Amino acid sequence: MSGRARREETVDVVWSGDWVAERLGVALEGDGELRELLGLALRRNPKRAHLLVSNVLGKHVPQKPSVVYGAGYGLGERVRALLGAEEARRAVVLGYAETATGLGHAVADGLRDAPYLHSTRRPVAGVAPAGGFEEAHSHATSHLLLPEDPGLLASASAGDASALVLVDDEFSTGNTVLNTIRALHELHPRERYVIVALVDMRSPADRDRLTAFAAEIGARVDLVTRAAGTVSLPDGVLERGQALVAEREAEQAKQAERAAQAERAQAQTQAQAGGAGADADADAGEGAGPSWGADGAAGHSGETPEGPAPLTRVDLGWPAGVPDGGRHGFTPAHRAALEAALPGMAERIAAALGREPRRVLVLGFEELMYAPLRLGTALEEALGADTDVRYSTTTRSPVLAVDDPGYAIRTRLVFPAHDDPADGPGDRYAYNVAGAGFDAVVAVVDSTADTPELHAPGGLLARLAAHTGHVVLAVVPSYTPRPTPAPHQEPSVLPEPLRGPDFSSYAPEDVGWLLQDLSDTRLEAPTEEREEAIQSGGAHYAESLPVEYQPSAEYQALFTAALDASAARIARAVGTVTETVLAERGPRPVLVSLARAGTPVGVLMRHWARHRHGLDLPHYAISIVRGRGIDATALRWLAAHHDPADVVFVDGWTGKGAITRELAAAISAFEESSGISGFDPEIAVLADPGGCVRTYGTREDFLIPSACLNSTVSGLISRTVLRADLVGPDDFHGAKFYRELAESDVSGDFLAAVAARFDEVADEVDAATKELLAADRAPTWEGWAAVERISEEYGIHDVNLVKPGVGETTRVLLRRVPWKILARRGAGADLQHIRLLAEQRGVPVEEVDDLPYSCVGLIHPRYTRGATGADGKAVQGA
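All figures in this text were calculated on a predicted structure; none of them were measured in a lab. Each chain has its residues counted from 1, following the order in which its sequence is written. It should be noted that, the model being predicted, local features are given only for residues of pLDDT at least 70 and side-chain atom pairs only at 80 or more, the latter also being counted only at that level, while totals for whole chains, interfaces and linings use all residues. Side-chain measures here rest on the full set of heavy atoms in the structure, leaving out hydrogens and waters.

Turning to the overall build of the chain, a few remarks are in order. Of the regular secondary structure elements, the chain holds 24 helices and 33 strands. Contacts are assigned to residue pairs that have any heavy atoms within 4.5 Å of one another. Nonlocal contacts in the chain, meaning residues at least 24 apart in sequence, comprise 77% of its contacts between residues at least 6 apart. Accessible surface is estimated by sampling points in the Shrake-Rupley manner with a 1.4 Å probe; for residues, cover comes only from the protein chains shown. Just so you have it, the chain exposes about 32,600 Å², and 50% of that area is on carbon and sulfur atoms. For the purposes of this entry, the term helix denotes a DSSP run of H or I that reaches at least four residues, the term strand denotes a run of E that reaches at least two, and both are numbered from the N terminus.

Laid out in structure tokens, this is it:
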């Protein structure tokens, strides 16, 4: 009997949460429909091992498109009845990426005349964000709101009667929705909000919090859900869940390795025989058994075709002017045009499928859920009742797969991201596809994601081809919104840079700070309060400053010793990166350091150019903020005073490369919105252990003493601040000058110690530069891959909380709430200050092998005050 037949036999008697419930004692309590709507799975997570898996969302579990669409549409009809036809017509519907984008769209359809927008994790050049927020519990947290019409979310006036309808797949605590309403209410107050979800799993305390919140903002907040209940968790469930996951992982890893060996042997045999060895090797290393990387299903028999399935590309004939989804807004007029075109597009897909298949999956792509869902509903009608059409989408979220009828995630396909995501490359997943007996899979992606990675041997299409008889690719054109007009007139006079000694302890000629002085503003907050606010989504890290760490005498002695030991090594890296810049970007580049870690490096590069070549290079410091972009006013100042083509951005080191990507996206958006072009977003760094840039002094991960301290080695300047009440559209970002720390300032000592070694390393620099200029320096991004692996291995599920390298680990210990430190076994003296700081803060240091960095700092995931560390001890503040 085939695996598919066994599943159909038991579907009516086995709940897809039984496997987890029996082993962990987890129970769903609530409405009678709850078990029909939800199953259970496991994931590695330090706060919650179980995962609620929806059977009607169309994300993890393939379901009939009509059922998925009907679930959302029915909720929309209920909202329409609640609001009344007139108010429903004036409402705006907002869905959450990535899971609820299709659900929110269907809810908007149920309201009939309401426009729709969903949040997105994909920045789009030329579209100014109308807002954004962090979703602390999500695998990937940063959300942007990018409406083509900036007025879409704006209320007509304070106290506007039009309702904002917010749609998510489930409410576990309600934090994300409340944070969204709070942020939008401050900008555009409304009298009414409606929160919509398939299931409401909040605790009584969370429900009371919603009531109090509504009273606080003076608005009516209604709730519309299909089912409600709670998750009952016995004592010790988290520990037992983690142990169970570890046990299954170990077992599945062995199965995967055996399967990979068998596949490699088969591929080698086929290659020697002149067969399709390359195709057979496409799944090597992933295994055929159920595992974190499983491409097959245990017990699956006789359903996988021999050899890869053929690929057919279908021209949908997508209607002109209709967006691919709600990323930039979707109006009733768009909806009408799409409805008219759906039958014809479904007929084209049916024709591409050829002989009528028995079982078809329409597979969407991450945030692209609505377009494939509607194509699926139309295909259901076109193919008729004799064909079983199902719908699901790929996802970013990693979940354990167990091939058991009582478990919600039976199999898992793993493949690399194929849309050049802003937060870097990484694995993506398709669940319950392998072994499900699909005769054909219709993969629907937008044109941005129709890349070589999609078609590569290890890509999504190849993974699908191993588990079905026919793959059809349907590409929806990515919608390009009109460029957002400039929101204000350019000022006639731009602010001037700040210089020492009035701002910073650096010499005035060493750096001009493209910042505004906020020294008299109270910005510091205790470390624990900042961490809680940042991770809860209540504040961005750039809206406040950590309390400046004042080193102990023992730590200060470590800095002095480290500087003495590494000065020559730093001098070599400074010389190498400067000579590379002069060779490729000379003869007179304009150095623009990313404040503040990049500024000491920019000053040293300037000193090298003057010492070796007599060049007096201009040097400025500019602010860039993760998730918010670069200081546009500072870029306008640079363009007004220098040729943008001469600007070379400088930073201290790379970790996983987040700022590298942030800068590239920010420069692109700036050029689109301002009309100013010519800036090269490539960054020159002292050290590139993450393999993220082309221009560097070294790719070793070693101790750069300027990373050991904060302002006292960076000209007494704080990290930069971006807050709406302090920084206007024509202002530079802000920072503070800590004049009161002058007695502790070692900024000049650091510069002098390194510059004193310039002459002795000159020959080595010349040789290293010559070698680098002739080498292939293309970024490898191996650091990003390592960070994603660590994030999943340690159950963090948020790359922003993994800080790789000596410099970033030091920052974690100085500014954040650390959870644990990973140290490469035998790293030695470079980590002495790390160990001292960890000891002072009560943070465990774990020795590991095969770490690409000397060390990695892990920020406490989902921190709240009173949290415990990885060793079970209370986290201590700095």
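That covers the picture; the talk isn't over yet.
To continue, consider the pairing of strand S10 (residues 220-232). Within a regular strand, side chains alternate between the sheet's two faces. Strand pairing is assigned whenever DSSP identifies at least 2 bridges connecting the two strands. In this structure, strand S1 (residues 27-30) lies alongside S10, joined through four bridges in antiparallel fashion. Within S10, the residue paired with Gly 30 across the bridge is Gly 229. In the sheet, strand S9 (residues 192-200) pairs with S10 via eight bridges, with the strands oriented parallel. In the strand pairing of S10, Val 196 is matched with Val 224.

Moving on to the packing of helix H7 (residues 175-187) against helix H8 (residues 204-217). Inter-axis angles, ranging from 0 to 180 degrees, are taken between N-to-C directions of lines fitted to C-alpha atoms, where helices are fitted over the stretch in contact. In the contact formed by H7 and H8, the axes pass within 11 Å of each other and the chain directions differ by 5°. Between H7 and H8, the angle falls in the class roughly parallel. Contact residues: Asn 175, Leu 178, Ile 181, Arg 182 and His 185 in H7; Arg 209, Leu 210, Phe 213, Glu 216 and Ile 217 in H8. Along the lines of polarity and charge, the residues of the contact of H7 with H8 split into five nonpolar, two polar and three charged. Angle categories: roughly parallel below 35 degrees, roughly antiparallel above 145, roughly perpendicular from 65 to 115, and oblique for all the rest. Just so you know the grouping, Ala, Val, Leu, Ile, Met, Phe, Trp, Tyr, Cys and Pro go in nonpolar, Asp, Glu, Lys and Arg go in charged, and all remaining residues, Gly too, go in polar.

Below, the discussion takes up the packing of aromatic side chains. In this scheme Phe, Tyr and Trp rings, the latter by its six-membered ring, pair at centre separations within 6.5 Å, and the angle between planes marks the pair as stacked below 30 degrees, edge-to-face above 60, and tilted otherwise. According to the stated counting rule, one finds 11 aromatic pairs in the structure shown. Judged by centre distance (4.9 Å) and plane angle (75°), the rings of Trp 608 and Phe 758 are edge-to-face. Remark: Phe 758 occurs in the loop between helix H20 (747-755) and helix H21 (762-774) and Trp 608 occurs in helix H17 (residues 598-613); sequence separation between them is 150 residues. Here Phe 758 falls in the buried class, since its relative accessible area comes to 1%. Taken together, the ring pairs connect Phe 503, Tyr 506, Trp 513 and Phe 737 into an aromatic cluster. Only Lys NZ and Arg CZ are tested; either one counts as a charge over a ring when it is within 6 Å of the ring centre and within 35 degrees of the ring normal. Above the plane of the ring of Tyr 69 lies Arg 374, whose end atom (NZ or CZ) is 4.2 Å from the centre. Its guanidinium or amino end placed over the ring of Trp 784, Arg 661 lies 5.6 Å from that ring's centre, counting from NZ or CZ. Residue burial is assigned from relative accessible area. The probe radius is 1.4 Å, only protein chains are included, and a residue is buried under 20% of its type maximum, exposed over 50%, and partly exposed in between.

Pairing is mixed across the open sheet formed by four strands, whose spatial order is S30-S33-S31-S32. The two strands at the open ends of the sheet, each matched to only one other strand, are strand S30 (802-804) and strand S32 (845-848). On average, each strand axis in the sheet is tilted by 20° relative to the strand beside it, whichever way the strands run. Bridge count for S30 against strand S33 (residues 855-859) is three bridges, and the pairing is antiparallel. Across the sheet, Lys 803 pairs through a bridge with Gly 857, a residue of S33. On the sheet, helix H22 (residues 782-793) packs against S30, strand S31 (818-824) and S33 and is oriented at approximately 140° with respect to S30.

Further remarks concern the sheet that holds strand S4 (residues 92-95). Strands sit in the order S1-S10-S9-S8-S4-S5 across an open sheet of six strands; the sheet is mixed. One side of each edge strand has no neighbouring strand; the edge strands of this open sheet are S1 and strand S5 (116-118). Across the sheet, the mean angle separating the axes of adjacent strands is 25° when strand polarity is ignored. Pairing between strand S8 (residues 164-171) and S9: seven bridges, direction parallel. When the sheet's bridge partners are listed, Leu 164 is paired in S9 with Tyr 193. The strands touched by helix H6 (residues 101-111) within the sheet are S4, S5, S8 and S9, with S8 carrying the most contacts at an inclination of about 135°.

Time to look at the confidence of the model for the chain. Predictor confidence is given residue by residue as pLDDT, running from a minimum of 0 to a maximum of 100. Residues with a pLDDT of 70 or more make up 86% of the chain, whose mean pLDDT is 83. At the low end of the mean pLDDT range in the chain sits helix H10 (residues 277-280), at 34; at the high end sits strand S13 (residues 388-394), at 98. Under a pLDDT of 50 for its full length, residues 134-141 has, in the predicted model, 30 contacts with residues more than four places off or in other chains.

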